[in-house]
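Observations on the three-dimensional arrangement
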Amino acid sequence: MSSIIQLLPDHVANQIAAGEVVQRPASVVKELLENAVDANATDIKLIIKDAGKALVQVIDNGKGMSVTDARLCFERHATSKIRLAEDLFSLSTKGFRGEALASIAAIAHVEMKTKQDQEELGTQIVIEGSKFVSQEVAVLPRGTSFAVKNLFFNIPARRNFLKSDTVEYRHVVDEFQRVALAHPKISFTFYHNGSEMFNLPVSTMRQRIVNIFSGKTNEKLVPVQEETDIIIIQGFVGKPEFAKKSRGEQFFFVNDRFIKSGYLHHAVMAAYDGVLKDGAQPSYFLYLTVPPNTIDINIHPTKTEIKFDDEHALYAILRASIKHSLGQFNVAPVLDFDRDSNLDTPYSYKDLQGETPTIQVDRSFNPFSDDKINKHYSSASSASFPSSYPKKSEQGPSWESLYVGLDNDSGNNSDEISFESEAVTGSLFNDEDVEQTVNNAYQIHKKYIVSPIKSGMVIVDQQRAHQRVLYEQFLTNMTVQQASSQQLLFPLDLYFSSVEMELIEELKLSLINTGFVFEETKADHIMISGTPVNVTESEVSLVLEQLLSDLHDGIPESSFSQNDTIAKSMAKSLAVKTGTSLTVKEQENLVNGLFACKDPNVSPFQKPTFITMRVEDIDKKFAL
């Protein structure tokens, strides 16, 4: 029988590997930036076009490569990071697998320029789909430049699965921020379609965070510092009052490598236990340093998952250090919530001895004596009063005269006294004329509204019903007529990151149609002077945060889909929540508003808003 197992050609194997390593343009950005960091670069430039689909270029001033290395780096499993299998347990570099460049070259047009400092000339190599097109000598500055063009040009199916430019750009920004946050001692510059998006100079850890996430971030940060035998923790956590509904500014770095860990995230949330609102997510930028031999990062090609030797100890240390920082900077409340800090003993008084106060006592004072004035006390204590103290006047009626004539024999009985308030509190109508209002709606468990109908009763889910009412109202405002706004006495200043500001700029017209009034829009914040009628001032930031979270995966291309998404998000944010007690009038208005909608049967998220029960169905429940 003939053999059927054979070795795959290199270009086929590279394309298979590319399926894991390169999923989208952001994957190329991550690999090239990490290679630049490993090359000891101090200045890195990232240039992309069309969200990375047309071009991803990374230019660094690192140590560069020789002619041989330049050609060899595109081979599979060719790496300068490790030599032996034991090196996997003492990694100090970002890359080590030797798959990234070979995978990228298999699915794109790659142009690489590199030169070492001691060499006079550099090397320029052009590769298209794993095929070497040219290799030439060129005059180049020190460092390396990788230009990746026409990603997935030979795999049209993969290219078709890419999202819109907005979504892909957001993923590129995420990868750029992760590398830039991990290395504040390296300057980064980011260009998109010819515009400078980020310019991050060499700075401290805190300055790098502020430079990426707007200047308002500085006041949100609480420093965390802890050093033990098994881990060193540095970084910052956000104050509880600045926590958001969505998980955005949350970063773990282990040995300067960005990772994702649900276990460590749970430790952070445990430290915030009791000081966060339900569903709120705090910001954190935590840098963990552990011995390289205690972790395993060779789990997935993206290297964002890590296995720790002693996870339980890390969990406890991380939670305790964050809790300590929150308490140390008076962010977390103390145990005694009613304690008045003004009553605390100052430190300067803690060593002083108390003195017995001197008390003067008149031992001859008798409160039951018939004398109006105690002669002994007045004479004994006259020395304690100043001479200018006013004495009691002898003329004029005494205070007892105010109550003359109030004896029982005067004929004034307290039962006969009438008060003015009783005279003006009469009813305008006779009791017989007042029609008793009938309660047509009842609330059950602060969740459902039961209303009788002719054939039985209808049970309405108050949250879903209100979502439907608000959804159609917002959709009408955006498509048919612009909604009215309520002007704020003082404009609201809301700060957002650069990515969120781009989203808001794209949604600005639709938000204006719903009733928002933008007074000013700057690079890192917006000023709102008017809000929709049914949005209170305190709800504005929550509504916009929820909207940005819902649109994180991209704004729909069509105008109607965009308006539909905004209306759904705002309806979800503003709808009355389960557990809210409603008055009878509110219940009736909600039921009437639901059945006035065009499609009252389902919520905007295609879930039923009400059910009906006929009297016959109820009778069957009681039938024997």
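Placed above this text is the structure.
Residues numbered from 1 in each chain as written. Predicted model: local features only at pLDDT ≥ 70, side-chain atom pairs only at ≥ 80, totals over all residues. Heavy atoms only, no water.

**Brief notes about the nonpolar core**
Counting residues in each nonpolar core, the largest one holds 61 residues, and the members touching the most others are Leu-32, Ile-44, Leu-46, Phe-74, Val-148, Leu-181 and Phe-190. It is helix α6 (residues 165-182) that contributes the most residues to this core, eight residues altogether. When sequence neighbours within four positions are dropped, the list of residues in contact with Ile-44 reads Leu-33, Ala-36, Val-37, Val-58, Ile-59, Asp-60, Ile-186, Ser-187, Phe-188 and Thr-189. With 31 residues, the next largest nonpolar core counts Leu-507, Leu-511, Val-535 and Val-543 among its residues. (Core = buried A, V, L, I, M, F, W, Y, C linked by side-chain atoms within 4.5 Å. Buried < 20%, exposed > 50% of the residue type's maximum accessible area, 1.4 Å probe, protein only. Helix = DSSP H or I, 4+ residues; strand = E, 2+ residues; numbered from the N terminus. Contact = heavy atoms within 4.5 Å.)

**Notes on the sheet that holds strand β13 (residues 284-289)**
With respect to topology, five strands assemble into an open sheet ordered β9-β10-β13-β11-β12, the strand pairing being mixed. The sheet terminates laterally at β9 (221-227) and β12 (257-259), the two strands that pair on one side only. For this sheet, the mean inter-axis angle between neighbouring strands, taken without regard to orientation, is 20°. Bridging between β9 and strand β10 (residues 232-238) involves seven bridges; their strand directions are antiparallel. Following the sheet pairing, Glu-226 is matched in β10 by Ile-233. Relative to the sheet, helix α7 (residues 205-212) contacts β9, β10 and β13, its axis offset from that of β10 by approximately 35°. (Pairing = 2+ DSSP bridges. Axes fitted to C-alpha atoms, helices over the stretch in contact; angles between N-to-C directions.)

**Some thoughts on the environment of Glu-75**
Its place among the elements puts Glu-75 in the loop between α3 (67-72) and α4 (100-106). Given a relative accessible area of 35%, Glu-75 falls into the partly exposed group. Remark: the alpha-carbon pair of Glu-75 and Ser-130, spanning 55 residues in sequence, is separated by 9.2 Å.

**Some details on the pairing of β10**
Burial analysis of β10 places five of its seven residues in the buried class, which makes it a mostly covered element. Both β10 and β13 contribute to a ladder of six bridges, which runs antiparallel. When the sheet's bridge partners are listed, Ile-233 is paired in β13 with Leu-288.

**Quick look at empty space enclosed by the protein**
Considering all chains together, one arrives at two cavities of 30 Å³ or more under this definition. Volume-wise, the largest cavity comes out at about 60 Å³. Its residues placed into classes, the lining of the largest cavity shows three nonpolar, three polar and four charged. In this structure, the second largest cavity occupies an estimated 50 Å³ of space. In terms of lining residues, the second largest cavity is bounded by Phe-213, Ser-214, Lys-216, Thr-217, Lys-220, Lys-244, Glu-249, Tyr-495, Phe-496, Ser-497 and Glu-500. Within the lining of the second largest cavity, the residues separate by chemical class into three nonpolar, three polar and five charged. (1 Å grid on protein atoms, 1.4 Å probe; cavity = no way out; pocket = protein on both sides within 12 Å on 5 of 7 lines; lining within 4 Å. Points joined across faces, edges and corners; volume = space filled by probe spheres on them. Nonpolar A, V, L, I, M, F, W, Y, C, P; charged D, E, K, R; others polar.)

**Here's the deal with the packing of helix α2 (residues 25-38) against α6**
One way to put it is that α2 packs onto α6 with a least axis distance of 8 Å and a crossing angle of 20°. As judged from the angle between their axes, α2 and α6 are roughly parallel. Note on packing geometry: the crossing formed by α2 with α6 is right-handed. Of the residues in α6, those touching α2 at Pro-25, Ala-26, Val-29, Lys-30, Leu-33 and Val-37 are Glu-168, His-171, Val-172, Glu-175, Phe-176 and Val-179. Here the contact of α2 with α6 is composed, by residue class, of eight nonpolar, one polar and three charged. (Parallel < 35°, antiparallel > 145°, perpendicular 65-115°, else oblique. Left-handed = near helix turned anticlockwise from the far one by under 90°.)

**As for the sheet that holds strand β5 (residues 131-138)**
The mixed open sheet is built from eight strands, whose spatial order is β5-β4-β3-β6-β2-β1-β7-β8. At either margin of the open sheet sits one strand with a lone partner, and together these are β5 and β8 (195-200). Between one strand axis and the next, the sheet turns through 10° on average, direction left out of account. Bridging between strand β1 (residues 43-49) and strand β7 (residues 187-192) involves six bridges; their strand directions are parallel. The residue bridging Ile-48 from the neighbouring strand is His-192, located in β7. Where α2 meets the sheet, its contacts fall on β1, β2 (55-60) and β6 (143-149), and the angle it forms with β2 comes to roughly 10°.

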